[in-house]
Amino acid sequence: MNVFFFKLASFLYLLGTLCYSAYILLLKDVLSKSAATIVSLGFAIHTLAFLTRLIEAGYTPVTNLHESLSFFAWMIIGILLVANVKYKIKVLGAFLTSIALIFMLFAFALPKEILPLAPVLRSVWHPFHVTFAFLGNAIFTLAFCCGVVYLIQEHQLKSKKMGALAKRLPSLNVLDDLNYQALKFGFPLLTLGIITG
């Protein structure tokens, strides 16, 4: 059952990525709202996939490459949804959903069977370790995307050729603030991930 939910979430992330990309090209609010709704639904179904796999496996299902890539994609989409609540930077959706989709496609190609848990991973700290580590890396993915968008916008401003792209990108101050917040939370979480590991 978890594989069915995983495939459905992957399809919804694909649709969301296409809608966010279409928004960048056409600048129609209905596309960004549709993308946000589709990606939110995909995240909910992806959560179901994770929970059903957790129940089927009997342990935190982040022990092989398929599970790790899927979990990382889930975290990235979760961070996107949280960032959208405060900052509402629609363009970031195209970047973050694309990255999550790539991870989902790689996970899709890998073996999906549930294997017995290796003795080295039978620890009370394992769930904490993977949660902190992946959450920290997902926040760093947000910081990376903010940095890319910042460089694109800065280039537009310095070249004084304010094309259609400049209208679609947020101000440098907003991007700088979001990047700072991402780094502020990302480093402690990754540190906790390393300590609990």
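All values reported here derive from a predicted model rather than from experimental measurement.

**What to know about helix α5 (residues 126-159)**
- End to end, α5 covers 49 Å across 34 residues, agreeing with the expected 50 Å (1.5 Å per residue, within 8%).
- Where α5 ends, the next residue or the one after it, K160, has phi of about 55 degrees, a positive value.

**Observations concerning the packing of aromatic side chains**
- One pass over the structure, following the stated rule, counts eleven aromatic pairs.
- Ring geometry for F43 versus W74: centroids 5.4 Å apart, planes at 5 degrees, classification stacked. Placement of the pair is F43 in helix α2 (residues 29-57) and W74 in helix α3 (residues 65-86), with a sequence separation of 31 residues.
- Through successive ring pairs, a cluster of aromatic residues spans F43, F50, F71, F72, W74, F103 and F134.
- Over the ring of F108 we find K112, and its NZ or CZ is 4.9 Å from the ring centre.

Thresholds, definitions, all that
Residues numbered from 1 in each chain as written. Predicted model: local features only at pLDDT ≥ 70, side-chain atom pairs only at ≥ 80, totals over all residues. Heavy atoms only, no water. Helix = DSSP H or I, 4+ residues; strand = E, 2+ residues; numbered from the N terminus. Expected span 1.5 Å × (residues − 1). Phe/Tyr/Trp six-rings, centres within 6.5 Å; stacked < 30°, edge-to-face > 60°. Lys NZ or Arg CZ within 6 Å of the ring centre and 35° of its normal.

Read these as spatial facts, not as claims about activity.
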